[in-house]
Amino acid sequence: MKAIVYTEYGSPDVLELKEVVKPTPKDNEVLVKVYAVSANAADLHLLRADPFLIRLSSGLLKPKNEILGSDIAGRVEAVGENVKEFKLGDEVFGDISAGGWGGFAEYVCACEDALVLKPANLSFEEAAAVPMAAVTALQGLRGKGQIQSGQKVLINGASGGVGMFAVQIAKAFGAEVTAVCSTRNLDIVRSIGADHVIDYTKEDFTQNGHRYDLILAANGYHSISDYKRVLTPKGIYVTTGGSMAQMSQAMLQGRWISMTGSNKMGNLLARPNKQDLAFIKELLEAGKVKPVIDRCYSLSEVPDAIRYLEEGHAQGKVVITVAQNN
Ligand SMILES: NC(=O)c1ccc[n+]([C@@H]2O[C@H](COP(=O)([O-])OP(=O)(O)OC[C@H]3O[C@@H](n4cnc5c(N)ncnc54)[C@H](OP(=O)(O)O)[C@@H]3O)[C@@H](O)[C@H]2O)c1
């Protein structure tokens, strides 16, 4: 089968389209024919081994898993002996990052715990756009963020992969949502349900006097004291990404603020979770959440897809079509 392989850390230039052995499922795994896979910032971090400490888990000198790609959508082609939930022909989607990655390929073996049946109303590309970004948004809003109906919620970085899901999931929970993005993304962010939009190139939301019960920062940078100033007295701030300074301030100062005051501030390291993905599947089937895809690439164009993602201005998700669904 064909796969995009990397045997050394580096830029997208080290990614190569190669012929590799088609995998065979273990007893608890299914073999999935991949129709689509999406690219995530996590692929980029593993590709470049950035931050450096990532090497402790991904391989000190060279990558342990030579095929990246976590968010797959495809059809079950073989099942291991102990697999109970899936049968041949099932259309599935999921985040396989906990089980060794491997989605940038024509076939991949995945543990059944990583997969959920694909919503019938979604294409394979749309389904592949969902797992990591949407589960991160859900864990940030519902898990750490304890979102409640009627709350004022602000999403910074609302036009990216995580942000577009965060806006829609927060709306599905009944929140009043303010989305922060740049001028060219105002319309699309409004179209997915944001009640208010703030153009970060023209206005600083930390200086306009508004207060929020929950802030999810998916991208951008503001100091933790700026974020704290715009929280309500019991408001919660969760960052999933953005600049290193934003992440480290949340990790260090955020913990102190949470211990000593009434606000909760910190960052989220999202984990793949089947129940969370199943919850999102219901929102997708109900039409409450719709994946927003910026661009689709072919398997051989994965390096270009990653380069585009690395520019940091994707409008929603970057997806790779691996096989046409006829
Ligand atoms: N913690 C976790 O477990 C976890 C999981 C998934 C992702 N992440 C992290 O979460 C972050 C977001 O991921 P993503 O997939 O959403 O990234 P992404 O899709 O690459 O984000 C791109 C978007 O961010 C916007 N953006 C860039 N600079 C901005 C700024 N200063 N203010 C507001 N928006 C800005 C861009 O809009 P413009 O073009 O308008 O600038 C673009 O739409 C990344 O840092 C990623 O590493 C973390």
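Structure shown above.
Conventions we followed
Residues numbered from 1 in each chain as written. Predicted model: local features only at pLDDT ≥ 70, side-chain atom pairs only at ≥ 80, totals over all residues. Heavy atoms only, no water. Helix = DSSP H or I, 4+ residues; strand = E, 2+ residues; numbered from the N terminus. Rg over C-alpha atoms; globule rule 2.2 N^0.38 Å. Buried < 20%, exposed > 50% of the residue type's maximum accessible area, 1.4 Å probe, protein only. Contact = heavy atoms within 4.5 Å. Areas by Shrake-Rupley, 256 points an atom, 1.4 Å probe, with all protein chains shown as cover. Lys, Arg positive; Asp, Glu negative; His and termini not counted. Charge placed at Lys NZ, Arg CZ, Asp CG, Glu CD. Patch = residues over 30% accessible without salt bridge, like charges linked within 9 Å, V, L, I, M, F, W, Y side chains within 5 Å. Salt bridge = Lys/Arg side-chain N within 4 Å of Asp/Glu carboxyl O. Core = buried A, V, L, I, M, F, W, Y, C linked by side-chain atoms within 4.5 Å. Phe/Tyr/Trp six-rings, centres within 6.5 Å; stacked < 30°, edge-to-face > 60°. Lys NZ or Arg CZ within 6 Å of the ring centre and 35° of its normal. Near = heavy atom within 4 Å. Polar contact = N/O pair within 3.5 Å; in protein donor to acceptor, adjacent residues only side chain to side chain. Nonpolar A, V, L, I, M, F, W, Y, C, P; charged D, E, K, R; others polar. Pairing = 2+ DSSP bridges. Axes fitted to C-alpha atoms, helices over the stretch in contact; angles between N-to-C directions.

### Some details on the overall build of the chain
1) Next: Along the backbone of the chain there are 10 helices and 15 strands.
2) Next: For 326 residues, the compact-globule estimate of 2.2 N^0.38 gives 20 Å, and the C-alpha radius of gyration of the chain, at 20 Å, lies within 12% of that figure.
3) Next: Overall, the chain is about 60 × 45 × 35 Å in size when its C-alpha atoms are taken along their principal axes.
4) Next: Buried residues in the chain amount to 55% of all 326 residues.
5) Next: Nonlocal contacts in the chain, meaning residues at least 24 apart in sequence, comprise 68% of its contacts between residues at least 6 apart.
6) Next: When the accessible surface of the chain is totalled, it reaches about 14400 Å², and 52% of it is carbon and sulfur.
7) Next: Put simply, the chain has 34 plus and 37 minus side-chain charges, and the middle of one group is 5 Å from the middle of the other.

### A closer look at a nonpolar patch on the surface
1) Next: A cluster of nonpolar side chains, namely L53, L56, L60 and L61, defines an oily patch on the protein surface of about 520 Å² accessible area.
2) Next: Looking at where L60 falls in the secondary structure, it is placed in the loop between α2 (55–58) and β4 (71–79).

### Section: unusual backbone geometry
1) Next: Look at the link from D50 to P51: it is a cis peptide, with omega at 10°.
2) Next: Mapped onto the elements of the fold, P51 is located in the loop between α1 (41–48) and α2.
3) Next: A positive phi angle, close to 60°, is found at W101, a residue other than glycine.
4) Next: Mapped onto the elements, W101 comes out in the loop between β5 (91–95) and β6 (107–111).

### Focus: the nonpolar core
1) Next: Membership of the largest hydrophobic core comes to 48 residues, with the highest contact counts inside it found for V130, L141 and I155.
2) Next: Excluding anything up to four places from it in sequence, V130 contacts D71, F93, L122, V135, F165, L277, I280, L284 and P291.

### Details of the packing of aromatic side chains
1) Next: Taken as a whole and assessed by the stated rule, the structure comprises 5 aromatic pairs.
2) Next: Ring centres of F173 and F279 lie 5.9 Å apart, and the angle between their planes is 25°; this geometry places the pair in the stacked category. Within this pair, whereas F173 is found in the loop between α5 (161–172) and β9 (176–181), its partner F279 is found in helix α9 (residues 274–285), the two being separated by 106 residues in sequence.
3) Next: Residue F173 is classed as partly exposed on the basis of its relative accessible area of 21%.
4) Next: Members of the aromatic cluster, joined through ring pairs, are F205, Y227 and Y237.
5) Next: Seen from the ring of Y107, K22 lies directly overhead, with NZ or CZ sitting 4.1 Å from the centre.
6) Next: Taking NZ or CZ as reference, R295 lies 3.7 Å from the ring centre of Y308, over its face.

### A look at the pattern of salt bridges
1) Next: Under the criterion given, the structure shown has 20 salt bridges.
2) Next: Between K18 and E16 there is a salt bridge whose closest N-O contact spans 3.9 Å.
3) Next: On the basis of relative accessibility, which here comes to 32%, the residue K18 falls in the partly exposed class.
4) Next: Exposure remark for E16: the relative accessible area of 39% places this residue in the partly exposed category.
5) Next: In this structure, K281 engages E285 in a salt bridge whose closest nitrogen and oxygen atoms are separated by 3.7 Å. Note that K281 and E285 are positioned in helix α9 at a spacing of 4 residues, about one turn of the helix.
6) Next: Note on K281: relative accessible area 16%, which makes it buried.
7) Next: Relative accessible area serves as the criterion here: at 41%, E285 is assigned to the partly exposed category.
8) Next: Salt bridges here are not isolated pairs; linked through shared partners, they connect D13, D304 and R307.

### As for the site of the ligand
1) Next: Taken together, 25 residues lie around the ligand, and S159, S182, Y200, H313 and A314 are the ones closest in.
2) Next: A314 places a polar main-chain atom, nitrogen or oxygen, 2.6 Å from an oxygen atom of the ligand.
3) Next: Expressed as a share of its isolated accessible area of 930 Å², the protein-covered part of the ligand is 86%.
4) Next: Within the residue set of the shell around the ligand, elements represented by two or more residues are α1 and α5.
5) Next: By residue class, the composition of the shell around the ligand is 8 nonpolar, 16 polar and 1 charged.

### Considerations on the sheet that holds strand β11 (residues 212–217)
1) Next: Pairing in this open sheet of 6 strands is parallel, and the strands run β10-β9-β8-β11-β12-β13 from one edge to the other. One side of each edge strand has no neighbouring strand; the edge strands of this open sheet are β10 (196–199) and β13 (264–267). Neighbouring strand axes in the sheet, compared pairwise and without regard to direction, differ in orientation by 15° on average.
2) Next: With 4 bridges connecting them, β9 and β10 associate as parallel partners. The partner of A179 across the bridge, within β10, is V197.

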